[in-house]
Amino acid sequence: MEAKDRIKFRIGFSRMEKKYEWKDHLIFMGLLFGLAVWVNRGIEIKGLYMDDLYFWSCYGEQSFLQYVFPMGSTRFRFLYYLAAWLEMAVVGNHVSWFVPINILLNGALACYLYGIACRLSGAKAIGFFTGVMFLSSRMAYYQIGQVLGLMETMALWMAAAILWNLYRYINEDHRDSLFLKACLLYFGVCFVHERYMALFPLLILALIAVRCRRSVCIVGAVGSFGLVQLIRAFTIGTVLPAGTGGTQVAETLNIPQAIGFAFSQAAYIFGINAGPEHLNGCPWGQSPFWVKLLVILADLAVLAIVLGFLVMLFGRKRKEKRAALWVNVLLFTGFIALNVASASVTIRVELRWIYVSLAGALLFLAWMYGELTNGVKKELYLKRIWPWGVLFGAYVLFMFPVELFYRGCYPKLYLWPDQLRYNSLAEETYEKYGDEIFGKTIYIMEDTYEMSDFTARTFFKVFDKKRLAEGTQVKKIESIRDIGLVDDSMLVLREDPEHNGFQDITDFVRDLKLKVDYGYYEDGWMDEHASLTVMAGEEGIIDLEIMYPGIMSGGEMITITKDQEEPLKLPLHSSVVDARLTASPWQLVHLTFDYNFYMQNAMEQRGEDRLAAIVHISAE
């Protein structure tokens, strides 16, 4: 093939590739959604507790305006509350839908970051790697495994959009619309989570970088910040953000501690779990050797990319662009630093707060790759891959199994055991019995989980379409001796701390309290002849109520034999007859019943003998 023909072929191929490029994006985004489902398999929400249950109760008991605009509260997050209200309205009593929704949103966010990383790096593969590392991160536990994860996803998405719009504003044509969009996003994210008020300096940095003197942009930046503070002062009475765990930042701020928290967040971004087990699942000191080795190798790959970028930054070839590069470096590092700072001023550092910083770091790395390969034609794939693409791929190759390992440590996180317990409670009650659970009294033996009264009152309302669960009660007992005979209006559960769950022992307790040999049925009907064993109560009393719904002809007699004692004969003079038997406390008493009559014209016969009467048994 001649040189001229080769050029034509290459140009034609390039056009064809560009024409069908959307298919590549579609494939990569489909893979990201598939990865989102795969890495989060096994995470479930079947029952709500703590903050999730509290916010659901507000949704169930407050009006729309009260829920979305909680005047006088410690937090005013009306944009998140609006989204949460809409989500709960869609989900209804299908609690298990929350996790799929969270996965879908997290996957969509990863696709958004993929798109940004593609633009920053000039390579779809780098964009895909960015999405992969974001989705596989151990820091996603809250966004997937909690209903309030919606808040973190919304805030992270908006923060990333602020960064992207400011980047475009600085590096493209300085369009006012891009900057004003960033200001609008800043205003919005502050009412999803007030932690993101810390991003305001980024707006000022962008104005300084382009030497903007346009009043519309200056007013947009200052006005968005001022309006946020004004609304906060009016609605919650202060401009200072509240801390975590019911604390106030102004009261708990400790500068040396905050600096230490900042360093620990930097370590987390580089794959090092620099915190306690209950916050990260597996501290660095307890991590296996192979995990530490892979983290070190991954960090060395990142270090090589950073060093290559610094060499380029200070090299002669980029002298004319050095100032612009430094501005972008300040933009990305400022974004990461401000998010780190905002998460360092409270009483602890949680992984979910570092997720946004990790996203910023991944985009920063993608941008560095783009600058390192800038000027290399896209057709020259090998030249673009070596060495920077190989190093980026090595980082992903080393860190991906590390993230999967740390995800396997989720059960050690502070919120995980409780979520497993209330998932189990839902499984052993509503999932097992459906709407039949409503109106029952649910006895829970032992109290090692220390279920709050609020949880006991509210937990089952979530499953009721009317959000009431009328008549449903939860009572704690120390022993099965604390309840009488088990009837259809009762469920008995026991806590199973070894497996962070509950066990339904209703049938076991029913059989222990009342074991039927023959002739007696759950709905109370008894045959002409019946035999059963009853456990007496604390006072050793067994009460019998015998009802005969048929027509008496005279001479009807009921014979009750208790153990080996003389039979008790009860003549039937009316449709209802009562009897009281005495025994020792908690004694197992064997009773036999014999009737000299039966139910005339009965529609069914359940055993060898005919149905005779309806018997209600209680023990005290």
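Below is a summary of the structure that appears in this document.

Cut-off values and rules
- Residues numbered from 1 in each chain as written.
- Predicted model: local features only at pLDDT ≥ 70, side-chain atom pairs only at ≥ 80, totals over all residues.
- Heavy atoms only, no water.
- Salt bridge = Lys/Arg side-chain N within 4 Å of Asp/Glu carboxyl O.
- Helix = DSSP H or I, 4+ residues; strand = E, 2+ residues; numbered from the N terminus.
- Buried < 20%, exposed > 50% of the residue type's maximum accessible area, 1.4 Å probe, protein only.
- Pairing = 2+ DSSP bridges.
- Core = buried A, V, L, I, M, F, W, Y, C linked by side-chain atoms within 4.5 Å.
- Contact = heavy atoms within 4.5 Å.
- Axes fitted to C-alpha atoms, helices over the stretch in contact; angles between N-to-C directions.
- Phe/Tyr/Trp six-rings, centres within 6.5 Å; stacked < 30°, edge-to-face > 60°.
- Lys NZ or Arg CZ within 6 Å of the ring centre and 35° of its normal.
- Expected span 1.5 Å × (residues − 1).
- Arc of directions from axis to C-beta.

So, about the pattern of salt bridges. Tallied over the entire structure, the rule returns 26 salt bridges. As a salt-bridge pair, aspartate 507 and arginine 510 come within 2.8 Å of each other at their nearest N and O atoms. Of this pair, aspartate 507 and arginine 510 both sit in helix α23 (residues 506–513), separated by three residues, roughly a single helical turn. By relative accessible area, which is 15% here, arginine 510 ends up buried. Linking aspartate 543 and arginine 580 is a salt bridge whose minimum nitrogen-to-oxygen distance equals 2.7 Å. A residue pair is termed long-range when its members are at least 10 positions apart, and aspartate 543 in strand β7 (residues 541–547) and arginine 580 in strand β10 (residues 576–582) qualify at 37 residues. Residue classification places arginine 580 among the exposed positions, given a relative accessible area of 52%. A single salt-bridge network, built from bridges that share partners, covers Glu152, Arg195, Arg348, Glu350 and Arg352.

Because side chains alternate across β10, one face comprises the buried residues Val577, Ala579 and Leu581, and the other comprises Val576, Asp578, Arg580 and Thr582, none of which is buried. When β7 meets β10, the two strands line up antiparallel, connected through seven bridges. Within β10, the residue paired with isoleucine 542 across the bridge is leucine 581.

One finds Phe134, Tyr169, Phe179, Trp367 and Tyr395 to be the most contacted residues of the largest nonpolar core, which totals 161 residues. No other element matches helix α9 (residues 149–171), which puts 16 residues into this core. Setting aside residues no more than four positions away along its own chain, phenylalanine 134 makes contact with Asn106, Leu109, Ala110, Leu113, Leu156, Tyr355, Ala359 and Leu362. Within the second largest apolar cluster, 33 residues are counted, among which are Tyr548, Ile558, Ile560 and Leu581.

Next up on the list: the sheet that holds strand β2 (residues 473–477). Taking strand neighbours across the sheet as the criterion, the four strands line up as β2-β1-β3-β4 in an open arrangement whose pairing is mixed. The outermost strands of the open sheet, each flanked by one partner alone, are β2 and β4 (501–504). Between one strand and the next, the sheet's axes are offset by a mean angle of 30°, whatever the strand orientation. Bridge analysis of strand β1 (residues 441–445) against strand β3 (residues 490–496) gives five bridges, and the strand direction is parallel. Within β3, the residue paired with threonine 441 across the bridge is methionine 490. Along the sheet, helix α20 (residues 416–428) contacts β3 and β4; its crossing angle with β4, the most-contacted strand, is approximately 20°.

Another aspect to go through is the packing of aromatic side chains. By convention here, two paired aromatic rings are described through the distance between centres and the angle between planes. Overall, the coordinates contain 46 aromatic pairs when judged by the stated rule. Summarising the aromatic geometry, the rings of phenylalanine 55 and tyrosine 81 are spaced 5.9 Å apart at their centres and angled 35° between planes, so their arrangement reads as tilted. In this pair, phenylalanine 55 sits in helix α3 (residues 50–61) while tyrosine 81 sits in helix α5 (residues 78–91), placing the two residues 26 residues apart along the sequence. The burial state of phenylalanine 55 is the same as that of tyrosine 81; both residues are buried. On the basis of an interplanar angle of 75° and a centroid distance of 5.6 Å, the ring pair of tryptophan 290 and phenylalanine 405 is categorised as edge-to-face. Taken together, the residues span a long stretch of sequence, with tryptophan 290 in helix α16 (residues 289–313) and phenylalanine 405 in helix α19 (residues 381–407) at a distance of 115 residues. Members of the aromatic cluster, joined through ring pairs, are Tyr54, Phe55, Tyr59, Phe64, Tyr67, Tyr80, Tyr81 and Trp85. The ring centre of tryptophan 38 lies 4.2 Å from the NZ or CZ of arginine 41, which sits over that ring. A cation over an aromatic ring shows up here: arginine 606 above the ring of tyrosine 521, its NZ or CZ 5.0 Å from the ring centre.

Backbone geometry at glutamate 446 places phi at a positive 75°, although glycine is not the residue there. Looking at the secondary structure, you find glutamate 446 in the loop between β1 and α22 (453–458). Taking relative accessible area as the criterion, glutamate 446 reaches 30% and is therefore assigned partly exposed. Look at asparagine 601: it is not a glycine, yet its phi comes out positive at around 60°.

A rise of 1.5 Å per residue sets the reference length of helix α2 (residues 21–39), with its 19 residues, at 27 Å; its end C-alpha atoms lie 27 Å apart and thus fit the reference within 8%. For α2, every residue scored as buried is listed here: Leu32, Leu35, Ala36 and Val39. On an axial view of α2, the arc spanned by its buried residues comes to 105°, and they lie on one face. Facing away from the buried surface of α2 by more than 90 degrees, the exposed residues are Leu26, Ile27 and Val37.

Relative to the helices and strands, valine 474 is located in strand β2. Overall, the relative accessible area of 17% leaves valine 474 in the buried class. The sequence separation of valine 474 and histidine 499 amounts to 25 residues, and the corresponding C-alpha distance is 21 Å.

Once that is clear, we can look at helix α6 (residues 98–121). Since one α-helical turn is 3.6 residues long, residues separated by three or four positions face the same way. The end-to-end C-alpha distance of α6 is 34 Å, a good match for the 34 Å that 24 residues give at a rise of 1.5 Å each. In the stretch just after α6, glycine 122 is the one whose phi turns positive, near 75°.

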